[in-house]
Amino acid sequence: MSISRRLMMVGALGAMVVLSACGAKTFRTYYANPVTAEASRSWRVVSVDVTVPRTLKVSEERSSLPTADIVWREDPASGDRFDQVDVIMTNAVQQGAASLRGPRPVRINIMMKRFHALTFEAETRYQNAGVHNIDFVAEVTDAKTGEVLAGPEVIDAAFPALSGNQMLAARAAGQTQKSMITAHVSRTIAGWLGTGPDNRNTFSRAGN
C-alpha cells in the first residue's frame, strides 16, 4: 500500500474517531405554531424576503466540524456566502408556498439564524453521520398593510445529511446538498403554512 493511501486511511479513521467521540445527539425539525389551512388558503405569496445577517459567522475551514453559523461549500468559494444562502432559502420558501393562490397578497419574511451544511471533508470521510442544520425565523405579513398574519415563528429545520457511500450514490443520481436542503426546507414551510404534511420530527445522529 502506498504512503499516500495509508495517510488517507489514517485521516478517514481519525475523522470517524472524532465524530464518534461527539456521540449521537438529538436534532429536530420543529415549529411550535403551525398555520391552519383555513387561515392560509386565502393567501397568495407575492414576495419572499430572506435576511441573512452579516453578524453570522462564516467558516471556510477545511475540517470536518467547523464551528460557525454558516457552513456552505457547493457554491463557489469566490462568491458571497450570505448571498448564496439567501438564494437557496428564497427558492426553498417559494416552492413551499407555491400552492397558496388565494385573493389576499402576502409576504413571507425569513430571518436566518443558522445555515450549517456538511463540509466536503465531512461528506467524504463519514459514513451514516452528519446533519444539515437550517434554523430561521418566519413571518407572514399582509403585502398591502404590513399586518402580521403569522409568526414570528422560530423554525428548526435540521435533517440527516448523507455522507460517505450514500452521498456518492446520491451525487451519481444527480442529487446534491443544495437539492436536498431545498426540498427539506420547502416541505417544512409547506407544513408550517398548513398546505402540506406536518414535517416536524426528531432524530438522533452523530453530527454538530
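Computed from a predicted model, the values in this text were never measured in an experiment.

Colleague: Talk me through the overall build of the protein; I want residue IDs and the actual numbers.
Modeller: A tally of regular secondary structure across the protein gives six helices and eight strands. When its helices and strands are written in sequence order, the protein yields α-β-α-β-β-α-β-α-β-β-β-α-α-β. Burial analysis of the protein (208 residues in total) assigns 45% to the buried set. Across the protein, the fraction of contacts at a sequence separation of at least 24, relative to all contacts at a separation of at least 6, is 76%.

Colleague: How would you sum up the pattern of salt bridges? Please name residues and give values.
Modeller: Using the criterion set out here, one finds twelve salt bridges in the structure. In this structure, the salt-bridge partner of Glu60 is Arg81, at a minimum N-O distance of 2.7 Å. With Glu60 in the loop between strand S2 (43-51) and strand S3 (70-71) and Arg81 in helix H3 (residues 81-96), this residue pair connects regions lying 21 residues apart in the sequence. Between Asp75 and Lys178 there is a salt bridge whose closest N-O contact spans 2.8 Å.

Colleague: Describe in detail the packing of aromatic side chains, supporting the description with residues and values.
Modeller: On inspection of all chains with the given rule, the structure shows two aromatic pairs. A ring pair is formed by Phe27 and Phe203, whose centres lie 5.7 Å apart and whose planes are at 25°; its orientation type is stacked. With a gap of 176 residues between them, Phe27 in strand S1 (residues 24-30) and Phe203 in strand S8 (residues 201-206) connect regions that are remote in the sequence. Of the two residues, Phe27 and Phe203, both sit in the buried class. Measuring from centroid to centroid gives 5.6 Å for Trp72 and Phe115, while their planes differ by 85°, and the two rings are edge-to-face.

Colleague: Give a detailed account of the side chain of Arg205, specifying residues and quantitative values.
Modeller: Of note, Arg205 is situated in strand S8. Glu123 provides the closest opposite charge to the buried, salt-bridge-free Arg205, at an N-O distance of 11 Å. One polar contact links the side chain of Arg205 to the main-chain carbonyl oxygen of Gly130, over a distance of 2.7 Å.

Colleague: Could you give an account of the nonpolar core, naming the residues involved and the relevant values?
Modeller: By size, the foremost hydrophobic cluster in this structure holds 39 residues, and its most contacted members are Met89, Met112 and Phe136. Of all the secondary-structure elements, those providing two or more residues to this core are S2, H3, strand S4 (104-116), strand S5 (131-142), strand S6 (148-157), helix H5 (164-172) and helix H6 (177-193). Ignoring any residue separated from it by four or fewer positions in sequence, one finds Met89 in contact with Val50, Ile110, Met112, Phe115, Ile134, Phe136 and Val185.

Colleague: I'd like a rundown of H5, residues and numbers included.
Modeller: Along H5, the residues classified as buried are Gly164, Met167 and Ala170. The buried residues of H5 occupy an angular sector of 115° when the element is viewed end-on, so they sit on one face. Of the residues in H5, the exposed ones pointing more than 90 degrees away from the buried face are Asn165, Leu168 and Ala172. Elements in contact with the buried residues of H5: helix H4 (120-125) and H6. In the segment just after H5, Gly174 is the residue with positive phi, at about 95°.

Colleague: Could you give an account of unusual backbone geometry, with specific residues and numbers?
Modeller: Geometrically, the link from Gly151 to Pro152 is a cis peptide bond, its omega value of 0° lying close to zero. Within the secondary structure, Pro152 sits in strand S6. With phi around 55°, Asn128 is a residue other than glycine that occupies positive phi space. Relative to the helices and strands, Asn128 resides in the loop between H4 and S5.

Colleague: Could you give me a rundown of H6, with the residues and numbers involved?
Modeller: Here H6 spans 24 Å end to end across 17 residues, near enough to the 24 Å set by a 1.5 Å rise per residue. Trailing H6 by a residue or two, Gly194 shows a phi angle of about 80°, which is positive.

Colleague: So, the environment of Pro152: which residues are in play, and what are the values?
Modeller: On the basis of relative accessibility, which here comes to 58%, the residue Pro152 falls in the exposed class. Considered as a pair, Pro152 and Phe136 are 16 residues apart in the sequence and their alpha carbons are 9.9 Å apart. Beyond its immediate sequence surroundings of up to four residues, Pro152 is in contact with Val137, Ala138 and Glu139.

Calculation notes
Residues numbered from 1 in each chain as written. Predicted model: local features only at pLDDT ≥ 70, side-chain atom pairs only at ≥ 80, totals over all residues. Heavy atoms only, no water. Helix = DSSP H or I, 4+ residues; strand = E, 2+ residues; numbered from the N terminus. Buried < 20%, exposed > 50% of the residue type's maximum accessible area, 1.4 Å probe, protein only. Contact = heavy atoms within 4.5 Å. Salt bridge = Lys/Arg side-chain N within 4 Å of Asp/Glu carboxyl O. Phe/Tyr/Trp six-rings, centres within 6.5 Å; stacked < 30°, edge-to-face > 60°. Lys, Arg positive; Asp, Glu negative; His and termini not counted. Polar contact = N/O pair within 3.5 Å; in protein donor to acceptor, adjacent residues only side chain to side chain. Core = buried A, V, L, I, M, F, W, Y, C linked by side-chain atoms within 4.5 Å. Arc of directions from axis to C-beta. Expected span 1.5 Å × (residues − 1).

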